[in-house]
Amino acid sequence: ATLQSNHTLIMFGRGFGDMHDDDAPKNSIRHKLGTALDINRNWMGKQDLAAEAGQKKVISTQLNSKERTSLCYLQEVDICNEALYSEINPLHLPEVLAMVGRHHGQSELYVALVSSIAGLFSTVNRKKFLQDRVEHHLSIIQEHTATVETLRTEIAAIE
């Protein structure tokens, strides 16, 4: 699922057999397709908001580790949360993580954080951080030096 994928499909025809058979994988596929089609139907005719339909599908499937695991199982592909998060630009990770927390709760947010921590750290400019800390402490030193000089002047006036 991508944000730019086609959101015009609103129904699928036959080909999945009897809707009441006992084939669990088929029923699971039907359910997942039905969910995606429901999202498409809700956004039908709103072309300017098509990306929101894509976002809703990504949030409900790809950003939910249990749902993604189920989809991977149905497609017989390996599951790897790290692979998903490594594909996301690290500068966008905070926004993606916020969406995960907002839509799926703390346990999913924890899974997402563990899977994306390397990407998050890659956005930190350690040298700039340390330079900023040095500047901060130098300004504190200047303030304290001025205070010391004021106190010394006052002591000298008393003597």
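### Structural notes on the overall build of the chain
Across its full length, the chain carries seven helices and zero strands. For the chain, the N- to C-terminal ordering of α and β elements is α-α-α-α-α-α-α. Per-residue burial over the chain gives 21% buried out of 159 residues. When contacts within the chain are restricted to residue pairs at least 6 apart in sequence, long-range pairs at least 24 apart make up 54% of them.

### Points about helix H6 (residues 106-122)
With 17 residues, H6 extends 23 Å between its outermost C-alpha atoms, agreeing within 8% with the 24 Å of an ideal straight helix rising 1.5 Å per residue. Of all bends in H6, the biggest is about 60°, found at Ser-116. Taken together, the buried positions of H6 are Glu-108, Ala-112, Ser-115, Ser-116, Gly-119 and Leu-120.

### A short note on the pattern of salt bridges
Counted under the stated rule, the structure contains two salt bridges. Between Asp-132 and Lys-128 there is a salt bridge, with the nearest N and O atoms lying 3.0 Å from each other. On the criterion of helical spacing, the pair formed by Asp-132 and Lys-128 is a turn pair, its members being four residues apart in helix H7 (residues 126-158). The partner of Glu-149 in a salt bridge is Arg-152, and the shortest N-O contact between them spans 3.5 Å.

### Overview of a nonpolar patch on the surface
Together, Ile-117, Phe-121 and Val-124 make up an exposed nonpolar region whose accessible area comes to about 300 Å². With respect to the element layout, Phe-121 can be found in helix H6. A residue is classified by how much of its surface remains accessible, and Phe-121, at 58% relative accessible area, is exposed.

### Looking at the nonpolar core
Grouped together as the largest cluster of nonpolar side chains are 13 residues, with contacts concentrated most on Leu-63, Tyr-85 and Val-96. Elements supplying a minimum of two residues to this core: helix H2 (50-61), helix H4 (81-86), helix H5 (93-104) and H6. The dominant element in this core, judged by the number of residues it contributes, is H5, at five residues. Apart from the residues within four sequence positions on either side, Tyr-85 is in contact with Leu-63, Arg-68, Leu-93, Val-96, Val-100, Ala-112, Ser-115 and Ser-116.

### Quick word on the packing of H5 against H6
Helix packing geometry: the angle between the two helix axes and the distance between the axes. Interaxial distance between H5 and H6 falls to 8 Å at its minimum, and their mutual angle equals 170°. As far as their axial angle goes, H6 and H5 are roughly antiparallel. Taken together, the residues of H6 that come into contact with H5 (itself represented by Leu-93, Pro-94, Leu-97, Val-100, Gly-101 and His-104) are Gln-106, Glu-108, Leu-109, Ala-112, Leu-113, Ser-116, Gly-119 and Leu-120. Residue composition of the contact of H5 with H6, by class: eight nonpolar, five polar and one charged.

### Thoughts on the environment of Leu-84
Along the chain, Leu-84 turns up in helix H4. For Leu-84, a relative accessible area of 19% gives the class buried. When the C-alpha positions of Leu-84 and Ala-112 are compared, they lie 9.5 Å apart, and in sequence the two are 28 residues distant. If we ignore the near neighbours within four places in the chain, the residues touching Leu-84 are Gln-62, Leu-63 and Arg-68.

Here is what the cut-offs are and how they apply
Residues numbered from 1 in each chain as written. Predicted model: local features only at pLDDT ≥ 70, side-chain atom pairs only at ≥ 80, totals over all residues. Heavy atoms only, no water. Helix = DSSP H or I, 4+ residues; strand = E, 2+ residues; numbered from the N terminus. Buried < 20%, exposed > 50% of the residue type's maximum accessible area, 1.4 Å probe, protein only. Contact = heavy atoms within 4.5 Å. Expected span 1.5 Å × (residues − 1). Bend = angle between axes of the 7 residues up to and from the residue. Salt bridge = Lys/Arg side-chain N within 4 Å of Asp/Glu carboxyl O. Patch = residues over 30% accessible without salt bridge, like charges linked within 9 Å, V, L, I, M, F, W, Y side chains within 5 Å. Areas by Shrake-Rupley, 256 points an atom, 1.4 Å probe, with all protein chains shown as cover. Core = buried A, V, L, I, M, F, W, Y, C linked by side-chain atoms within 4.5 Å. Axes fitted to C-alpha atoms, helices over the stretch in contact; angles between N-to-C directions. Parallel < 35°, antiparallel > 145°, perpendicular 65-115°, else oblique. Nonpolar A, V, L, I, M, F, W, Y, C, P; charged D, E, K, R; others polar.

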